[in-house]
Amino acid sequence: MSEPYRRSEIRLGDPAYPGCLLDLSDPPKVLYVAGDPANLRPGLAVIGARRATLYGLGCASRFAGWAAAAGATIISGAAIGCDQAAHRAARAVPAPTVAVLGCGADVDYPNNAVSLLAELRENCTVVSELPWGSHPARWAFVRRNRIIAALSAAVLVVEAGLPSGTFSTADHALAIGRDVLAIPGSINAPECRGPNRLIQAGATIITDATDLADALEAAGLLVDRSTPEAVNHKAHLSEIERAVRSDPMRPDDLARALTQDVVKVLRILGELELTNRVIRLRDGRYGVPQPTARRQ
Amino acid sequence: MQATVLTATLSGVEALPVEVQADVTSGLPSFIIVGLPDAAVQEARDRVRSAIKASGFDFPNARVVVNLAPAPLRKHGTGFDLPIALAILTATRQIHVNATAGASAVGELALDGSVRSVSGMLAFVIAAADADVEIIGPSAALRTAHVVDGVRSRRLDSLAQLRTGPLPEGTCVPIRQTEHPQPDLAEVAGHNAAKRALEIAAAGGHNLVMIGPPGSGKTLLARRLPGILPPLSPLERMQTALVHSVGGLDEAPTLAGVRPFRAPHHTCSIAGLAGGGSPPRPGEMSLAHNGVLFLDELPEFGPAALQTLRQPLEDGFLTLVRAEGRVRYPADFTLIGAMNPCPCGYLGDPERHCSCSPWAINRYDARVGGPLMDRMDLVIRMDRIDPDLLIAASPSEPSAPVRQRVLETRAFAAERGDLASKLSGTALLAACALDGQTSRLFTEIARTKHFSGRAVTRVLRVARTIADIERSRRVMTSHISEAVSYRDRSGE
């Protein structure tokens, strides 16, 4: 059977074994690698909750995209939400990115990541400490978080509720002396409580590419500071776009806030949605897509 | 001595003529019913015997054979009691043959000889009118008989009446045209976007799904749809009343023009929804004929039961095929579904946090199934409204002006052609009459947004109705942009 990707097994003690993993008290005995093992070098881990808001997805995509363009390998877990947004942003550069799985590196999980994982195995790297063909198990995902932490020079927490599995990665990172970076979020959004709490506890706050560049250099990664950020500042936002920019809103609330007829608001929203200037969320609210998220 | 009395038996919503032949001959006393009677008809023997005796007649001390012709047709129900008793009384010369000549008799007998109503009386009345015979039955069942053109009816409330002279003519009891009060839209505060969708659904006959957390007012709004629909036309009244009569419901409100609103509980079985059983009875879909079928907690209905909705939603009727034959029930209804956004119900709720995983939400959605969702033109999101707004809300528009707009829109649509919800394919495109620029724009959008063929149809149908509301012959870009906001949430 010929596969479009390369499989390799790296044992503890092999010269190819990534040295950064040795910081762990229980480094994986064997790394099962699908794709190019050369990508297993310290990079930036971008992690966040599966249930992410537009803001979280946008930030994951924006900062992962910038860091990837600036020369950092993006490490994440291929999970729904922020993880996938980070991987995709890195691939859009295109730049190397590593997915660490809680199942066999040749197993497609989660279901919606099939094409992403296939792409990563072919052009980048998918890695796991579990043998080929291992089924996903809950405990394995908690264990793999320590590999994500150890493979990275710094861990960027984009968005996470409380409690969240994202915290286990941050805990592992702190335990082995990796820097934890966090993006502040709205105090109203339960999805943002995690990073806000981390910042309160001393995590490095990231608000733009300069912050991230400083943090990555402090963590010992070489990045190209002059990389332009892919944020296009829209010259003109309509009244409705401005209203939903920071917090998504429902048509009824929008109509009330703008004291306009709901039918008129629905029509403008429909028009904006058709031209991708706003998007409709699953819960019926409308929001503004983050600029870099649009590459997806 | 022999005698024949006419009656009928139900098949679907039709009554098929049946002859009851009684033969009373000397021999060992016995009472036999032949001609494919079901259990209820067999039980008629005991009721008929007691009723005849209780009414002061003699039950023949002889061999009594009753044949129900045509013999191959299976006979159901208790409506045969009366014609069997009449046939025996005629055969034994206890009543004159003229008492039942040229008449079809339907009724159930009590042991004391009184005559009781049976369901489906309207069908029997129609069959009698078609056969140009009189109908004999209890006065309670005949009070709506006069709605059928050219029917003559005679009332028989007790077998004993036959001993006192000719039966009284059925008098015309006019159906009271009292307004059956409908819940009013004015009682619902806020929800302007949802009300707009409801008006579009009423104007275009579109099916609608409301998605929202518990207590967001989905049921409240759905119950107000019949109040903004146009009143039933005379033909629709007869169709719907017939189904209700056969289904054992009171047909009087329907005959007064009230649109049916059926809201079966989600434990409803397939037979309960689609019809069935032995003998087959109309299900909720048929009872909602020309009205509204409201399915609250849509994903909680059995998947098999939900899928039975698909064919009637396309065809407007459904055919049950059973071992004993096939029956066809009308089922042309507007489907209103209500569901929670996720299993816990609070996805997107501003106050309560949703505890469902993305997988659980996808699974929940999948329970309704794509093919059924494909038939729902309007999908709207509803949310609980702030109590402050509830109290401070300016008075809402009552149902009457909304209904007036719906009537005017339907009149405009009728002039243009079919209701938008009935259009598809080239007829829909022709009805939309998109101009070159709108058409190009829409094609472009449909491609970039990956609209399926079904999605394009739904958006255009809804856009057509919105254009009807505005009396526009052409569907404009603004109509399409509004229609897009009522799309379902798949692919996000």
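Definitions and limits used
- Residues numbered from 1 in each chain as written.
- Chains lettered and ligands numbered in written order.
- Predicted model: local features only at pLDDT ≥ 70, side-chain atom pairs only at ≥ 80, totals over all residues.
- Heavy atoms only, no water.
- Helix = DSSP H or I, 4+ residues; strand = E, 2+ residues; numbered from the N terminus.
- Rg over C-alpha atoms; globule rule 2.2 N^0.38 Å.
- Buried < 20%, exposed > 50% of the residue type's maximum accessible area, 1.4 Å probe, protein only.
- Contact = heavy atoms within 4.5 Å.
- Areas by Shrake-Rupley, 256 points an atom, 1.4 Å probe, with all protein chains shown as cover.
- Lys, Arg positive; Asp, Glu negative; His and termini not counted.
- Charge placed at Lys NZ, Arg CZ, Asp CG, Glu CD.
- Core = buried A, V, L, I, M, F, W, Y, C linked by side-chain atoms within 4.5 Å.
- Pairing = 2+ DSSP bridges.
- Axes fitted to C-alpha atoms, helices over the stretch in contact; angles between N-to-C directions.
- Domains from an automatic or database assignment.
- Buried area = accessible area lost by both parts, 1.4 Å probe.
- Polar contact = N/O pair within 3.5 Å; in protein donor to acceptor, adjacent residues only side chain to side chain.
- Nonpolar A, V, L, I, M, F, W, Y, C, P; charged D, E, K, R; others polar.
- 1 Å grid on protein atoms, 1.4 Å probe; cavity = no way out; pocket = protein on both sides within 12 Å on 5 of 7 lines; lining within 4 Å.
- Points joined across faces, edges and corners; volume = space filled by probe spheres on them.

Caption draft 1: Examining the overall build of chain A more closely. Secondary structure assignment for chain A yields 10 helices and 11 strands. Over its C-alpha atoms chain A spans a radius of gyration of 20 Å, differing by no more than 12% from the 19 Å that the globule rule assigns to 296 residues. Projected onto its principal axes, the C-alpha coordinates of chain A cover approximately 70 × 45 × 35 Å. Counting every position in chain A, which comprises 296 residues, the buried fraction comes to 55%. Put simply, 68% of the contacts in chain A that link residues at least 6 apart link residues at least 24 apart. On chain A, roughly 12600 Å² of surface is accessible, and the fraction owed to carbon and sulfur atoms is 52%. Both charge centroids of chain A, one from 32 positive and one from 31 negative side chains, sit 4 Å from each other.

Caption draft 2: Spatial organisation of the nonpolar core. Residue and element names in this part refer to chain B. Leu 208, Met 210, Ile 480 and Tyr 486 are the most contacted members of the largest nonpolar core, which totals 63 residues. Contacts of Leu 208, omitting those with residues within four sequence positions, involve Ala 197, Leu 198, Ala 201, Leu 335, Ile 336, Gly 337, Met 376, Leu 378 and Ile 380. By size, the runner-up hydrophobic cluster in this structure holds 55 residues, among which are Ala 129, Ala 145, Val 246 and Ala 305.

Caption draft 3: How the structure looks around the sheet that holds strand E6 (residues 125–128) of chain A. Residues and elements named next belong to chain A. On the basis of which strands lie adjacent, the open sheet formed by 9 strands has the order E1-E2-E6-E5-E4-E3-E7-E8-E9 and mixed pairing. Either end of the sheet is taken by a strand with one partner, and the two such strands are strand E1 (7–11) and strand E9 (204–205). Note that strand E3 (residues 43–47) and strand E7 (residues 152–157) share 5 bridges and pair parallel. Each residue of the ladder has a partner; that of Gly 43, found in E7, is Ser 152. Across the face of the sheet, helix H4 (residues 138–151) comes into contact with E3, strand E4 (74–76), strand E5 (97–100), E6 and E7 while running at roughly 115° to E7.

Caption draft 4: Seen up close, the domain arrangement of chain A. All names here are of chain A. For chain A, the domain assignment lists domain 1 (7–218) and domain 2 (228–287). Look at where the C-alpha atoms of domain 1 and domain 2 centre, and you get two points 32 Å apart. Listed per partner, the contact involves 4 residues of domain 1 and 6 residues of domain 2. Roughly 470 Å² of surface becomes buried between domain 1 and domain 2 when both sides are summed, with 63% attributable to carbon and sulfur atoms. Together, Leu 54, Arg 62 and Trp 66 form the three largest contributors to the area buried by domain 1 at its contact with domain 2, with a combined 77%. Linking domain 1 with domain 2 are 0 residue pairs in polar contact (both at pLDDT 80 or more). For the side of domain 1 that touches domain 2, the leading source of residues is helix H1 (residues 54–69), giving 3 residues. A per-class count over the side of domain 1 that touches domain 2 returns 3 nonpolar, no polar and 1 charged.

Caption draft 5: Fine view of empty space enclosed by the protein. All names here are of chain B. The tally for this structure, following the rule as stated, stands at 1 cavity of 30 Å³ or more. Lining the largest cavity are Met 376, Asp 377, Arg 458, Val 459, Val 462, Ala 483, Tyr 486, Arg 487 and Asp 488. By residue number, the principal contributor to the lining of the largest cavity is helix H20 (residues 453–469), which donates 3 residues. Here the lining of the largest cavity is built from residues that sort into 5 nonpolar, no polar and 4 charged.

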